[in-house]
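Residue-level listing of the chains:
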Amino acid sequence: MTKFNHFDLVAPVYERFIKPIDPNRLVSLIGLPINGLLLDAGGGTGRISYTLRNWVNGIVIVDSSIGMLEQARIKTGIKTVCSNTEGLPFQNEIFERVIMVDALHHVSDINATLDELWRVVIPGGRIVIEEPDIQTFQVKILAIIEKLFLMRSHFETPQNIQKAFRDTKATHRIVREGVISWIIVDKLLDK
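Residues numbered from 1 in each chain as written. Predicted model: local features only at pLDDT ≥ 70, side-chain atom pairs only at ≥ 80, totals over all residues. Heavy atoms only, no water.

Asker: Explain unusual backbone geometry to me, please; I cannot follow it from the model alone.
Answerer: Excluding glycine, residues mostly carry a negative phi; peptide bonds, for their part, are mostly trans. Looking along the chain, the bond that leaves Leu32 and enters Pro33 is cis, with omega of 10°. Position of Pro33 among the secondary structure elements: in the loop between α3 (23–30) and β1 (37–41). Positive phi, close to 50°, is recorded for Glu93, a residue that is not glycine. Counting through the fold element by element, Glu93 comes out in the loop between β3 (78–82) and β4 (95–101). Positive phi is not limited to glycine here, since Asp102 has a value of about 55°. The topology assignment puts Asp102 in the loop between β4 and α5 (110–120). (Helix = DSSP H or I, 4+ residues; strand = E, 2+ residues; numbered from the N terminus.)

Here's what the structure looks like:
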């Protein structure tokens, strides 16, 4: 039996209500252009990665919502894969960039997801995670609202997300913008 997925229900109207992110800001944070592939983990309708298509050689969106992926398939130049992020169906070290925008708090197992993002990014690659900062009042209210709507949301602080990469060969930093935090992790080249 499949679990109910809220995002299947809202997929057809999702992009009408969620405001877009400035692609120029994303290009800077992600470190584009690149010659490799970009993975948009929890990428839903492709609203984020589609704006980046001219700066990468290929985009793959992975999401657990079939409804969201149906919306992404309408956009050209994007490959879609239906999967949970806790067990990505990709070989090791295949993506030059991995992004996860406003999605980490929706996964069942945050640590397993972060491990998978690390596994699939190449040495010299970058992971960029954008999350609402639970340390702010507005996001605390959002967390309560999502619980009332029976969403499985679990918000982590940017520091806790960053800690997941402390024992890895990486550099990491947090960039805060209002109620949003960007956790940027650069996987070091093997020497």
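Asker: Explanation requested: the environment of Thr157 in the structure shown.
Answerer: Examined against the element boundaries, Thr157 turns out to sit in the loop between α6 (137–148) and α7 (158–163). A C-alpha to C-alpha distance of 8.7 Å links Thr157 and Glu131, two positions 26 residues apart in sequence. Those residues in contact with Thr157 that sit more than four places away from it in its chain are Ile134 and Gln135. (Contact = heavy atoms within 4.5 Å.)

Asker: What should I look at first to understand the nonpolar core in this one?
Answerer: The tendency in soluble globular proteins is for nonpolar side chains to be buried as a group. In terms of nonpolar packing, the biggest core is built from 25 residues, with Leu39, Leu117, Ile127 and Ile129 touching the most fellow members. Among the elements of the structure, β1, β2 (58–63), β4, α5, β5 (121–132) and β7 (180–187) are those that each provide at least two residues to this core. In terms of residue count, α5 provides more of this core than any other element does, five residues in total. The residues contacting Ile129, other than those within four sequence positions of it, are Met100, Leu104, Leu114, Leu117, Ile161, Phe165, Ser181, Trp182 and Ile183. In this structure, Leu38, Ala72, Ile78 and Trp182 belong to the second largest nonpolar core, which totals 21 residues. (Core = buried A, V, L, I, M, F, W, Y, C linked by side-chain atoms within 4.5 Å. Buried < 20%, exposed > 50% of the residue type's maximum accessible area, 1.4 Å probe, protein only.)

Asker: I keep staring at the environment of Ser181 and nothing clicks. Help me out?
Answerer: Topologically, Ser181 is positioned in strand β7. As a C-alpha pair, Ser181 and Glu131 span 50 residues in sequence and 5.5 Å in three-dimensional space. When residues no more than four places from it in sequence are discounted, the contact partners of Ser181 are Ile129, Glu130, Glu131, Asp133, Pro158, Ile174, Val175 and Arg176. A distance of 3.3 Å separates a polar atom in the side chain of Ser181 from a polar atom in the side chain of Asp133. (Polar contact = N/O pair within 3.5 Å; in protein donor to acceptor, adjacent residues only side chain to side chain.)

Asker: Honestly, the environment of Thr51 in this entry has me stumped. Any pointers?
Answerer: Structurally, Thr51 is set in the loop between β1 and β2. Thr51 sits 27 residues away from Asn24 along the chain, and the two C-alpha atoms are 9.3 Å apart. With sequence-adjacent residues up to four places away left out, Thr51 is seen in contact with Pro23 and Leu26.

Asker: Please explain the pairing of β4 as it appears in this structure.
Answerer: For a regular strand, the rule is simple: side chains alternate between the two faces of the sheet. Most of β4 is tucked away, with six of its seven residues classed as buried. Judged from the three bridges that link them, β1 and β4 form a sheet pairing that is parallel. Looking at the pairing, Asp40 lines up with Ile99 of β4. Relative to β5, β4 runs parallel, the two sharing six bridges. Bridge pairing in β5 places Val101 opposite Glu130. Crossover connection from β4 via α5 to parallel β5: handedness right-handed. (Pairing = 2+ DSSP bridges. Right-handed = clockwise from strand over helix to strand, strands pointing away.)

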